[in-house]
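Coordinate inspection notes
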Amino acid sequence: MSEPSAMATATAINTESPVPTSILAAGAQALSEGTSGKTLSDGELRAWRGLKRAHASLAKSVDAELERTHGLPLSSYEVLHHLVESSGGRMRMCDLAEQAQLSRSGLTRLADRLEKEGLIERCSCEHDARGAYACLTELGRERLCAARGTHLAVVREQFLSRFTEDELGALAELWDRIAPCGGGSCGVPRRSAVAP
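Residues numbered from 1 in each chain as written. Predicted model: local features only at pLDDT ≥ 70, side-chain atom pairs only at ≥ 80, totals over all residues. Heavy atoms only, no water.

What follows deals with the packing of aromatic side chains. Scanning the entire structure with this criterion turns up one aromatic pair. Lying over the aromatic face of Tyr133, Arg90 brings its terminal NZ or CZ to 4.1 Å of the ring centre. (Phe/Tyr/Trp six-rings, centres within 6.5 Å; stacked < 30°, edge-to-face > 60°. Lys NZ or Arg CZ within 6 Å of the ring centre and 35° of its normal.)

Moving on: the pattern of salt bridges. For the coordinates displayed, the defined rule picks out four salt bridges. One salt bridge connects Asp112 with Arg122, and the closest N-O pair in it is separated by 2.9 Å. In this pair, Asp112 is assigned in helix α6 (residues 104-116) and Arg122 in strand β2 (residues 120-124), connecting sequence segments ten residues apart. For Arg122, a relative accessible area of 31% translates into the label partly exposed. Between Glu117 and Arg143 there is a salt bridge, with the nearest N and O atoms lying 3.7 Å from each other. In this pair, Glu117 is assigned in the loop between α6 and β2 and Arg143 in helix α7 (residues 138-158), connecting sequence segments 26 residues apart. Taking the relative accessible area as the measure of exposure, Glu117 reaches 39% and is therefore partly exposed. It is possible to trace a salt-bridge network through shared partners that takes in Asp112, Glu115 and Arg122. (Salt bridge = Lys/Arg side-chain N within 4 Å of Asp/Glu carboxyl O. Helix = DSSP H or I, 4+ residues; strand = E, 2+ residues; numbered from the N terminus. Buried < 20%, exposed > 50% of the residue type's maximum accessible area, 1.4 Å probe, protein only.)

When pLDDT is averaged along the protein chain, the result is 81; 72% of the residues meet or exceed 70. Across the protein chain, the secondary-structure element scoring lowest on mean pLDDT is helix α1 (residues 6-13), at 43, and the one scoring highest is α7, at 97. Low pLDDT, under 50, characterises residues 31-35; the predicted model gives this stretch one contact beyond four residues in sequence or across chains. (pLDDT = per-residue confidence, 0-100. Contact = heavy atoms within 4.5 Å.)

So, about the side chain of Thr150. Summarising the element assignment, Thr150 is placed in helix α7. For Thr150, a relative accessible area of 15% gives the class buried. When residues no more than four places from it in sequence are discounted, the contact partners of Thr150 are Glu65, Leu66, Thr69 and His70.

A few words on the sheet that holds strand β3 (residues 132-136). The sheet built from three strands is open, its strands ordered β1-β3-β2 with antiparallel pairing. If you trace the sheet from one side to the other, it starts and ends with β1 (90-92) and β2, each paired once. On average, adjacent strands in this sheet sit at an angle of 30° to one another, irrespective of strand direction. Summarising the sheet, β2 and β3 pair through five bridges and their orientation is antiparallel. Following the sheet pairing, Arg122 is matched in β3 by Ala134. Lying on the sheet, helix α4 (residues 74-85) is in contact with β1, β2 and β3; it crosses β3 at an angle near 90°. (Pairing = 2+ DSSP bridges. Axes fitted to C-alpha atoms, helices over the stretch in contact; angles between N-to-C directions.)

The next point concerns the nonpolar core. Grouped together as the largest cluster of nonpolar side chains are 25 residues, with contacts concentrated most on Val79, Leu80, Leu83, Leu96 and Ile120. Mapped onto this core, the elements with two or more residues apiece are α3 (42-70), α4, α5 (93-99), α6, β3 and α7. For this core, the element with the most residues is α4, which contributes six residues. With sequence-adjacent residues up to four places away left out, Ile120 is seen in contact with Leu80, Leu83, Ala111, Leu114, Glu115, Ala134, Cys135 and Thr137. (Core = buried A, V, L, I, M, F, W, Y, C linked by side-chain atoms within 4.5 Å.)

What follows is about the pairing of β3. Burial analysis of β3 places four of its five residues in the buried class, which makes it a mostly covered element. As paired strands, β1 and β3 are joined by three bridges and run antiparallel to one another. Counted as the bridge partner of Arg92 is Tyr133 from β3.

As structure tokens, this is what we get:
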């Protein structure tokens, strides 16, 4: 009996993973060959670890300040932010999970908390009885608006202030290589959605 291909192994692993199947296949191939693949060069390792360190540090700073000042964790802020930018302040739960980069079960747990706080409510879909929407409440909109200045201040201080406009443009282009926008606005807010 032959061993399953690396792609078949990766597909089996990729039930709810945000990692592309091709990357999982490369890892599965390396495991099947009994090696972890080539080691990273010093530059590759610095870039990879730097990205992880920067993301963790920035997310921790923003989360801590939002929680301290507004009692609103970053994950909650992100969900409310996506809802305020959506048409009618509502999104299908599966789409919201993708936009907020949460698993569906993670979003369900977070939505339960936000609903208990009165920041969102679940609405049914007229076109599909199985579809559920997360709908922003007026209280949710107010909490987001109150927290927006804090969010922007931390992002400006901890991230934006450390780069020139040209460097920020270059970073944006580099991020698009990893996670392309697909022609959309990639979360660039509509100016009318939330007052600065």
